[in-house]
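Below, each chain spelled out in residue letters.
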Protein chains: 2
Amino acid sequence: MAMKKKPVTGMKDIMPEEMEIRDYVISTIKKVYKTYGFSSIETPSVEHIENLSSKQGGENEKLIFKILKRGEKLRLEDAKGEMDVVDGGLRYDLTVPLSRYYANHANDLGTPFKALQMGNVWRAERPQRGRFRQFMQCDIDILGEPSNLAEIELMLATSGVLGTLGFKKFTIRINDRRILKAMAAYSGFRPEEYDSVFIIIDKLDKIGMDGVQSELESAGYEEENIQRFCNIFTATQEVEGIGKIDSMVEILGDFLEQEVADGLKTIITTVLSVKEADFSIVFDPTLVRGMSYYTGPIYEIRMDEFGGSVGGGGRYDEMIGRFTGQQTPAVGFSIGFERIILLMLENNFQVPGSEESVALLIDKKADDDLTQKVFKEAKRRREQGQRVTVMKMKKNKKFQKEQLKKDGYQEIVEFFAD
Amino acid sequence: MAMKKKPVTGMKDIMPEEMEIRDYVISTIKKVYKTYGFSSIETPSVEHIENLSSKQGGENEKLIFKILKRGEKLRLEDAKGEMDVVDGGLRYDLTVPLSRYYANHANDLGTPFKALQMGNVWRAERPQRGRFRQFMQCDIDILGEPSNLAEIELMLATSGVLGTLGFKKFTIRINDRRILKAMAAYSGFRPEEYDSVFIIIDKLDKIGMDGVQSELESAGYEEENIQRFCNIFTATQEVEGIGKIDSMVEILGDFLEQEVADGLKTIITTVLSVKEADFSIVFDPTLVRGMSYYTGPIYEIRMDEFGGSVGGGGRYDEMIGRFTGQQTPAVGFSIGFERIILLMLENNFQVPGSEESVALLIDKKADDDLTQKVFKEAKRRREQGQRVTVMKMKKNKKFQKEQLKKDGYQEIVEFFAD
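Described in the following lines is the structure provided in the data block. If you're wondering where the values come from, they're calculated on a predicted model, not measured in any experiment. (Residues numbered from 1 in each chain as written. Chains lettered and ligands numbered in written order. Predicted model: local features only at pLDDT ≥ 70, side-chain atom pairs only at ≥ 80, totals over all residues. Heavy atoms only, no water.)

**Description of the overall build of chain A**
Just so we agree on the cut-off: To qualify as a helix, a DSSP run of H or I must reach at least 4 residues; to qualify as a strand, a run of E must reach at least 2; elements of each kind are numbered from the N terminus. Only protein chains enter the accessibility calculation, which uses a 1.4 Å probe; a residue whose area is less than 20% of its type maximum is buried, one above 50% is exposed, and one in between is partly exposed. For this analysis, residues touch if any pair of their heavy atoms sits within 4.5 Å. Using the Shrake-Rupley algorithm and a 1.4 Å probe, accessible areas are obtained, with residue cover drawn only from the displayed protein chains.
Tallying secondary structure elements over chain A gives 14 helices and 14 strands in all. Referenced to the eigenvectors of the C-alpha coordinate spread, the extents of chain A come out at roughly 95 × 60 × 45 Å. With 418 residues in all, chain A has 59% of them scored as buried. Long-range pairs, those at least 24 residues apart, make up 67% of the contacts in chain A between residues at least 6 apart in sequence. Of the roughly 18,100 Å² that chain A leaves accessible, carbon and sulfur atoms contribute 47%.

**A word on helix α10 (residues 258–274) of chain A**
What counts, and what does not: Expected helix span is taken as 1.5 Å per residue step, with the number of steps being one fewer than the number of residues.
Over its 17 residues, α10(A) runs 24 Å from end to end, which matches the ideal 24 Å to within 8%, given 1.5 Å per residue. Of the positions making up α10(A), those classed as buried are A:Val260, A:Ala261, A:Gly263, A:Leu264, A:Thr266, A:Ile267, A:Ile268, A:Thr270, A:Val271 and A:Val274.

**Here's the deal with the nonpolar core**
Cut-off, in case you're wondering: To form a nonpolar core, buried Ala, Val, Leu, Ile, Met, Phe, Trp, Tyr and Cys residues must be joined to one another through side-chain atoms within 4.5 Å.
Formed by 239 residues in total, the largest nonpolar core has its most connected members in A:Tyr33 and B:Tyr33. Not counting residues up to four positions away in its chain, the partners in contact with A:Tyr33 are A:Phe38, A:Leu116, A:Cys138, A:Ile140, A:Ala157, A:Thr158, A:Val161 and A:Ile335. In terms of nonpolar packing, the next biggest core, distinct from the first, is built from 16 residues, A:Met11, A:Phe65, A:Ala124 and B:Ala124 among them.

**With respect to the interface of chain A and chain B**
Cut-off, in case you're wondering: When two components associate, each loses some accessible surface as probed by a 1.4 Å sphere; the sum of these losses over both components is called the buried area. Criterion for a salt bridge: a side-chain nitrogen of Lys or Arg within 4 Å of a carboxyl oxygen of Asp or Glu. Each polar contact in these results corresponds to two N or O atoms within 3.5 Å; when the atoms are within protein, one needs to be able to donate a hydrogen and the other to accept it, and residues that are neighboring in sequence are counted only if both atoms are side-chain atoms.
Taken together, the 107 residues of chain A in the interface contact 107 residues of chain B. Together chain A and chain B conceal approximately 9,500 Å² of surface at their shared face, both sides included; 57% is due to carbon and sulfur atoms. At the surface where chain A touches chain B, the tally comes to 10 salt bridges. At the boundary of chain A with chain B, the tally comes to 55 residue pairs in polar contact (both at pLDDT 80 or more). Among the elements that make up the side of chain A that touches chain B, the one with the highest residue count is helix α13 (residues 368–383) of chain A (8 residues).

**Let's talk about the sheet that holds strand β14 (residues 411–415) of chain B**
So the rule is basically this: Strand pairing is assigned whenever DSSP identifies at least 2 bridges connecting the two strands. To define axes, lines are fitted to C-alpha atoms, for helices over the stretch in contact only, and angles between the resulting N-to-C directions are given on a 0 to 180 degree scale.
Pairing in this open sheet of 3 strands is parallel, and the strands run β13-β12-β14 (chain B) from one edge to the other. One side of each edge strand has no neighbouring strand; the edge strands of this open sheet are β13 (387–392) and β14 of chain B. Pairwise comparison of adjacent strand axes, ignoring direction, gives a mean angle of 20 degrees for this sheet. Judged from the 6 bridges that link them, strand β12 (residues 357–362) of chain B and β13(B) form a sheet pairing that is parallel. Bridging from a neighbouring strand, B:Ser357 pairs with B:Arg387 of β13(B). Here helix α4 (residues 149–164) of chain A sits on the sheet in contact with β12 and β13 of chain B, set at roughly 155 degrees to β13(B).

**Description of the relation of the copies chain A and chain B**
Going by this rule: Copy-to-copy superposition: least squares on the C-alpha atoms, limited to residues that have pLDDT of at least 70 in both copies.
Laying chain A over chain B is done by rotating through 180 degrees and shifting 0.0 Å along the axis; what remains is an RMSD of 0.1 Å. Here the transformation between the copies is reduced to the relation of a two-fold axis. For chain A, the residue whose C-alpha comes nearest the rotation axis is A:Ile67, separated from it by 2.3 Å. The share of interface residues of chain A whose copies in chain B are also at the interface is 100%, consistent with both copies meeting through the same surface.

**Brief notes about the pairing of strand β6 (residues 134–143) of chain B**
Residues and elements named next belong to chain B. In terms of burial, β6 is largely enclosed, as 10 of its 10 residues are buried. Note: β6 against strand β11 (residues 330–335), 6 bridges, orientation antiparallel. Within β11, the residue paired with isoleucine 140 across the bridge is phenylalanine 333.

**Re the pattern of salt bridges**
If charged atoms from side chains of opposite charge come close, those side chains can pair. On inspection of all chains with the given rule, the structure shows 66 salt bridges over all chains. Between A:Glu18 and A:Lys12 there is a salt bridge, with the nearest N and O atoms lying 3.0 Å from each other. Its relative accessible area of 12% is what places A:Glu18 among the buried residues. Taking the shortest distance from any N to any O, the salt bridge between B:Glu215 and B:Lys203 comes out at 3.0 Å. In this pair, B:Glu215 is assigned in helix α7 (residues 204–218) and B:Lys203 in the loop between α6 (194–201) and α7, connecting sequence segments 12 residues apart.

**Topic: the sheet that holds strand β8 (residues 280–283) of chain A**
Spatial ordering of the open sheet is given by β1-β5-β6-β11-β10-β9-β7-β8 (chain A), a layout of 8 strands whose pairing is mixed. Two strands in the sheet have a free side with no partner beyond their single neighbour: β1 (39–40) and β8 of chain A.

**Here we look at the packing of aromatic side chains**
Convention followed: For this analysis, a ring pair means two rings from Phe, Tyr or Trp (six-membered ring only for Trp) whose centres lie within 6.5 Å, classed as stacked if their planes differ by under 30 degrees, edge-to-face if by over 60, and tilted for the remaining angles. Only lysine NZ and arginine CZ atoms are considered, and such an atom sits over a ring when it is within 6 Å of the ring centre and within 35 degrees of the ring normal.
Across all of its chains, the model carries 23 aromatic pairs over all chains by this definition. With centroids separated by 5.9 Å and ring planes inclined at 85 degrees, the aromatic side chains of A:Tyr186 and A:Phe255 adopt a geometry described as edge-to-face. Of the two residues, A:Tyr186 sits in helix α5 (residues 177–187) while A:Phe255 sits in the loop between α9 (243–252) and α10, which places them 69 residues apart along the sequence. Seen from their ring centres, A:Phe189 and A:Phe229 are 5.5 Å apart, and the 85 degrees between their planes marks the pair as edge-to-face. Highlighted residues: A:Phe189 in the loop between α5 and α6 (194–201) and A:Phe229 in helix α8 (residues 223–236), separated in sequence by 40 residues. The class for A:Phe229 is buried, based on a relative accessible area of 0%. Site record: aromatic cluster; members linked through ring pairs are A:Phe189, A:Tyr221, A:Phe229 and A:Phe233. Over the aromatic face of B:Tyr186 sits the side chain of B:Arg228, whose NZ or CZ is 4.2 Å from the ring centroid.

**Let's talk about the environment of A:Asp108**
One can find A:Asp108 in the loop between α3 (95–105) and β5 (113–122). For the pair A:Asp108 and A:Val351, spaced 243 residues apart in the sequence, the C-alpha separation amounts to 38 Å.

**Examining the pairing of strand β7 (residues 170–176) of chain A**
Residues and elements named next belong to chain A. Of all 7 residues making up β7, 7 are buried, and the element is well covered by its neighbours. Residues Phe170, Ile172, Ile174 and Asp176 point to one face of β7 and Thr171, Arg173 and Asn175 to the other, with burial holding for every one of them. Sheet analysis places β7 next to strand β9 (residues 297–303), joined by 7 bridges and oriented antiparallel. Residue isoleucine 172 lies in a different strand from β9, and its bridge partner there is isoleucine 301.

See below:
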């Protein structure tokens, strides 16, 4: 009856040291988001395979862990393909289940509805260092609020969480899907070309303007369009702060509605005026974000001490309606929970208020009276919030004490039988 | 692109009101168990199908949600049976994964190792009221402690959790697998008959001694054995408290080791001497617990206000060794998390320290200055721990206010543009 000792490929066992930080981060996130009026909700880990395959999940739909039909429904012998033997799958994100949840319960939920979801998702990606096939996502979403109050709330709430966790230096980059489209239209690209053009401009900070230009050329776009497109960035790159949006308006003219620019400016100035931690929020016309379902402002958080994004999101006003038949404005912000944990582990983060820890060791020959005495002492200390463990003394007491110290029990008290 | 709105069969969406209680209970459980020296750990939801089918899971092995192999490994066309297309499954309990975890990491964990697991498990049971196919389990286990200090710690910790959650009146019933076996042996049953005899005596409180007797007769056991067996219970039923164990020792003579009886007595007297809440702990020779892997003391918690068990566990000294090849004493106690939540919902439990809640409503025509002012006011209140939501005023303000009150926003402040 040999057992496989390792976890399944690409998933991991979480050790006590990491769990202590995870538990702390989870409870901090829930506490802070609650003060911003977000309500915790939860959906099942298993989702209808039809919903997971509804083309809202992008590339993730290729990574579904599929669940076998059960009982009479499973007719393996007649199966022509996977879909004949599968009726569910593990969710690969929290957005598709949120849409289903909202479609199912909208009548019982306020408008706007502010949802907080913390839960595992599963993606069968090729295993690679630091990326796992099961990981926690942490999303806040506001459904039913068309104005940019929603974006402001998301950003203040999320930066509030990061600040409470001790991250003070980070940058929120913000752009708007409609500015991206206006830039592409102004440059002469055709709508069906937009997405692939955006994928290339997204790489600007990695490959530089020359790199962008040559990738656009390799992709076979017209030279004139490429020139017009690249000129937008060259012309505005020196402009700092909110002025960059004005420069963009000037260049793009009728291609960009003034309202879009004003909306972004309101978000940025309001967040800057209210924020406390040492973070910044900047307009970045090269920010793209992967998912094509975004319809308005999009944003991403970068930590100065860490290359890459630790969170992001955007407005997706059309997605919920596609599921429910009823148009519902929606914005979301997802914190990169696993990256945050990784950073805190690397920084040797100590969970604040870690209790005094004490081990009470009982003589092997203890009678019931001594045993009771020790557990009463344990109770007294536990009521004071101390972490207390009660153990028998071992033969090799030196080793036992070393091990206890390693486990964080600074104080060791021994109780001997008479 | 029609979406299925309901959750998958037998699983449920969790609404904000229930989630608030769940979040509170989870954080309370983690906090209290931590003072008892338990460390949170986590295993993946997906487990090797071989481990789930290793005969440690009893009836649950029939209820596995199986996960389809992926990519080249999946050869649907050659499949002879389910096992050819499946390589993983959703865990149906936290005990099998704990064994694997301990086998994988024993060298990095202290001895004894005190583990706390809170996590979802999945069982494809026939859907029925109040039972779901995804539910949370909450287990504490002590691995590597052969003495009954382990049982005492489990009981004090679990009753500490229940007390902190406001449950004061409950009963821990305790028995020992070795007493059950001694009773069966003394009565003349053969070892292969034990388990089915135990299943019948387990029903004593439902069907009475006459019912037990007639079920044993229907099962075809020898009349003499049945008489001897039933006489044990009749002879001891009047004896109260710890004396019942002594009566049992007297009757069973050499069939029962004195050590077993003494061990139970130590557990009971120690827990009684230390406990604070208004609960009791009683020896109950009819307590069986389903799983045959138990080897020593077994126990179950009954809430006076609620028929049926809200938690239980036992010693299972042989299971880990069967997986790891190395004998490891082990005890576990599982709280019926979902039942606890159900009870708290029925009792209209109010999460303590629920914040003051306030909605700040902004005039539709607000400029950036007013918007900033409102978000600054929100920030001030959030820093005081208030729950604050910021919204645009709606046309139908009366309806908006009613809805906000329904969502718990007692205070509503309006900000008008000049």
